[in-house]
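Below, each chain spelled out in residue letters.
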Amino acid sequence: MNNTKTLTSLAKAMPKTELHLHIEGTFEPDQMFALAQRNNVQLKYKTVDELKAAYQFTNLQDFLDLYYQGMSVLLKEADFYDLTMAYLEKVHSENVIHVEIFFDPQGHLSRGVDFETQIHGIHKALRDAESKWGMTSRLIMSFLRHLSEESAFETLEIAKPFLHLIDGIGLDSSEVGHPPEKFTNVFKACRDLGLKVTAHAGEEGPPEYVWQALDTIKVDRIDHGNRALEDENLITEIKKRELTLTVCPLSNLKLCVVDDMQDHPIRKMLTLGLKATVNSDDPAYFGGYMNDNYVALIEKTQITKEELFQLAKNGIECSWMDDSAKQAHLKSLDSLFLA
Ligand code: ADE
Ligand code: ZN
């Protein structure tokens, strides 16, 4: 077998975690149309092909405009359950053993869908995946950064009766013009409640936004973080704080964060000693789930077996799963790579 084939089969077989995944970004066009029909919602696109043809983005905002339209078909608890379960089934078949999922409650509350409907649908699917396959999960409620801090505070109040189902808080949506410092107070309130915190930073925004994620939000990890590489002192600080970067290769390509997969900085991140991980972000929109992201790196970059191992290991070690589960998964990863 040549090297690409060997690495591809290892990547597919290895136990993987997904630490950066927006559940609303897993909406496959077929399922979106089926739910639109079930709920009598009119989509802007008449056919699946017409919708797919619109998946050409030149930046994050292009994508977000479509993403918010897509989620408009989610109305009932069963819709959130079906969406989540379809994603979990898919990644279970790819040997993903643990997922950490974002959801965007404000994107649904604004359409009159209550918080309980959203979280119970998602949570029941996560619970079923654990009992069927032993797949573990964490749920991250994300604030939309194009909205105000006041709206984030209101969302936190609404979420309070459900905090036992929520493990962490994130910050997503349009980055440029909405720096992390806009949300300093609400993230402090979240940390005081014992929640972990993470934020999208340095996807399109400058290194200054990543500094703010560290110093004002006081993140436990960084989502994307690509532009942190522009600032040497920032790289040193991220290493000092041992923060993970949840990197999303196919997303970066689709949203023009990188021009060519060949130039993706993930290997450089590893060389610099940063804890990079591989994730899919919004797989239904960006052309691939976990295995596709690894395959793209194998086919387009000169990634080595050692780097592949390191990425999978980071995914387990840097997740928010229990220590005993981490040890068990690291052991099976070791035996696969050392076989
Ligand atoms: N929401 C869903 N996907 C996102 C991304 N890649 N960046 C920011 N917000 C998002
Ligand atoms: Zn994201």
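Bear in mind the structure is a predicted one, so any value in this text is a computation, not a measurement.

A. Inspection of the pattern of salt bridges at higher detail. Under the criterion given, the structure shown has 13 salt bridges. Across the pair Glu157 and Lys160 runs a salt bridge whose closest N-O atoms are separated by 2.8 Å. Judged by relative accessible area, which is 49%, Glu157 ranks as partly exposed. A relative accessible area of 37% places Lys160 in the partly exposed class.

B. Local environment of the sheet that holds strand S6 (residues 221–224). Read across the open sheet, the eight strands follow the order S1-S2-S3-S4-S5-S6-S7-S8; overall the sheet is parallel. Every other strand in the sheet has two partners, leaving strand S1 (16–22) and strand S8 (275–278) as the edge strands with one partner each. Between one strand axis and the next, the sheet turns by 25° as a mean value, whatever way the strands run. With five bridges connecting them, strand S3 (residues 136–144) and strand S4 (residues 168–172) associate as parallel partners. Counted as the bridge partner of Met141 is Ile169 from S4. Packing against the sheet, helix H10 (residues 207–217) makes contact with S4, strand S5 (196–201) and S6, and its axis sits at approximately 165° to S5.

C. Just the state of the cysteines, in detail. All told, the structure shown has zero disulfides when counted by the stated rule. Cysteine Cys248 is unpaired, with the sulfur of Cys318 as its nearest cysteine sulfur at 14 Å. What makes Cys248 buried here is its relative accessible area of 0%.

D. Quick look at the coordination of the zinc ion (ligand 2). With distances of 2.0 to 2.2 Å, the protein atoms coordinating the zinc ion (ligand 2) are His20 (NE2), His22 (NE2), His200 (NE2) and Asp281 (OD). Coordination at the zinc ion (ligand 2) comes from four donor atoms whose angles at the metal span 85 to 175°, giving a geometry best classed as irregular. Between the donor residues of the zinc ion (ligand 2), the gaps in sequence give the motif H-x1-H-x177-H-x80-D. One end of the pair, His200, is in strand S5; the other, Asp281, is in the loop between S8 and helix H14 (283–286), with 81 residues separating them in the sequence.

E. Quick look at the packing of helix H5 (residues 77–92) against helix H7 (residues 115–133). Two elements in contact, H5 and H7, have axes whose closest approach is 7 Å; the angle formed by their N-to-C orientations is 35°. Both H5 and H7 take part in a crossing whose hand is right-handed. On H7, the residues that touch Glu77, Phe80, Tyr81, Thr84, Met85, Leu88, Glu89 and His92 of H5 are Thr117, Gln118, His120, Gly121, Ile122, Lys124, Ala125, Leu126, Asp128, Ala129, Lys132 and Trp133. Within the contact of H5 with H7, the residues separate by chemical class into nine nonpolar, six polar and five charged.

F. Molecular detail of the packing of aromatic side chains. One pass over the full model with this rule turns up 13 aromatic pairs. Judged by centre distance (5.2 Å) and plane angle (75°), the ring pair of Phe63 and Tyr285 falls under edge-to-face. Taken as a pair, Phe63 in helix H4 (residues 60–70) and Tyr285 in helix H14 lie far apart in primary sequence, 222 residues in all. Taking relative accessible area as the criterion, Tyr285 reaches 1% and is therefore assigned buried. Ring centres of Tyr67 and Tyr68 lie 5.2 Å apart, and the angle between their planes is 70°; this geometry places the pair in the edge-to-face category. A network of ring pairs unites the aromatic residues Tyr55, Phe57, Phe63, Tyr67, Tyr68, Tyr285 and Phe286 as a single cluster. Taking the ring centre of Tyr289 as reference, the NZ or CZ of Lys90 above it sits at 5.2 Å. We note Arg221 situated over the ring of Trp320; from NZ or CZ to the ring centre the distance is 4.0 Å.

G. Inspection of unusual backbone geometry at higher detail. At Asn95, a position not held by glycine, the phi torsion is positive, near 65°. Summarising the element assignment, Asn95 is placed in the loop between H5 and strand S2 (96–103). A positive phi angle, near 60°, is found at Lys218, a position not held by glycine. Summarising the element assignment, Lys218 is placed in the loop between H10 and S6.

H. Summary view of the site of ligand 1. In the neighbourhood of ligand 1, the contacting residues comprise His22, Leu60, Phe63, Leu64, Tyr67, Asp172, Ser173, His200, Glu203, His224, Asp281 and Asp282. Here Asp281 contributes a side-chain N or O atom positioned 2.7 Å from a nitrogen atom of ligand 1. The protein chains hide 100% of the 260 Å² of surface that ligand 1 would expose on its own. Top element by residues in the shell around ligand 1 is H4. It accounts for four residues. Classifying every residue of the shell around ligand 1 by side-chain character gives four nonpolar, four polar and four charged.

I. Fine view of the environment of His178. Checked against the element boundaries, His178 lands in the loop between S4 and helix H9 (184–192). Sequence-wise, His178 and Arg145 are 33 residues apart; in three dimensions their C-alpha atoms are separated by 6.0 Å.

J. View of the pairing of S4. Across the five residues that make up S4, a large majority, five, are buried. Neither face of S4 is left uncovered, since the one carrying Gly168, Gly170 and Asp172 and the one carrying Ile169 and Leu171 both have all their residues buried. In this region the chain leaves S3, passes through helix H8 (residues 149–159) and returns to the parallel neighbour S4; the handedness of that crossover is right-handed. Read from S4 through H9 to S5, the crossover connection turns out right-handed.

Rules used throughout
All residue numbers refer to positions counted from 1 along the written sequence of the respective chain. All chains are assigned letters beginning with A, and all ligands numbers beginning with 1, in the order in which they are written. Confidence filtering applies because this is a predicted model: local features only for residues at pLDDT of at least 70, side-chain atom pairs given and counted only at 80 or more, and all residues used for totals across whole chains, interfaces and linings. Only hydrogens and water are set aside when side-chain values are computed; all heavy atoms of the structure are taken into account. Salt bridges are identified by distance alone: a Lys or Arg side-chain nitrogen within 4 Å of an Asp or Glu carboxyl oxygen. Exposed residues in this analysis have more than 50% of their type's maximum accessible area, buried residues have under 20%, and partly exposed residues fall in between, with area computed by a 1.4 Å probe over protein chains only. Paired strands, in this sense, are two strands between which DSSP finds at least two bridges. For helices the rule is a DSSP run of H or I covering at least 4 residues; for strands it is a run of E covering at least 2, with both sets numbered from the N terminus onward. Each axis is a line fitted through C-alpha atoms, taken for helices only over the stretch in contact, and angles between the N-to-C directions span 0 to 180 degrees. Residues are treated as being in contact if the distance between any of their heavy atoms lies within 4.5 Å. Any two cysteine sulfur atoms lying within 2.5 Å of each other are counted as a disulfide. Think of the donor list as every N, O and S atom within 2.8 Å of the metal, or within 3.2 Å for Na, K and Ca; water never makes the list, so a site can look incomplete. Think of it this way: with four donors and all angles in the 85 to 135 degree range, the site is tetrahedral; with four or six donors, opposite ones beyond 155 degrees and the rest between 65 and 115, it is square planar or octahedral; otherwise it is irregular. The handedness criterion is simple: a crossing whose near helix is rotated anticlockwise from the far helix by less than a right angle is left-handed, and one whose near helix is rotated clockwise is right-handed. Amino acids outside the nonpolar list (Ala, Val, Leu, Ile, Met, Phe, Trp, Tyr, Cys, Pro) and the charged list (Asp, Glu, Lys, Arg) are all regarded as polar, and Gly is one of them. Stacked, tilted and edge-to-face are the three classes applied to pairs of Phe, Tyr and Trp rings, where Trp contributes its six-membered ring and a pair requires centres within 6.5 Å; stacked means planes under 30 degrees apart, edge-to-face means over 60, and tilted covers the rest. In this scheme, the term charge over a ring applies when either NZ of a lysine or CZ of an arginine sits within 6 Å of the ring centre and within 35 degrees of the ring normal. A molecule or strand has a residue near it when one of that residue's heavy atoms lies within 4 Å. Here a polar contact is taken to be a pair of N or O atoms separated by no more than 3.5 Å, where protein atoms must pair a possible hydrogen donor with a possible acceptor and residues adjacent in sequence count only if both atoms sit in side chains. To be clear on the numbers: accessible area is Shrake-Rupley with a 1.4 Å probe, and residue cover counts the displayed protein chains and nothing else. Place the viewer so that the strands point away; then a crossover is right-handed whenever the path from the first strand over the helix to the second strand goes clockwise.

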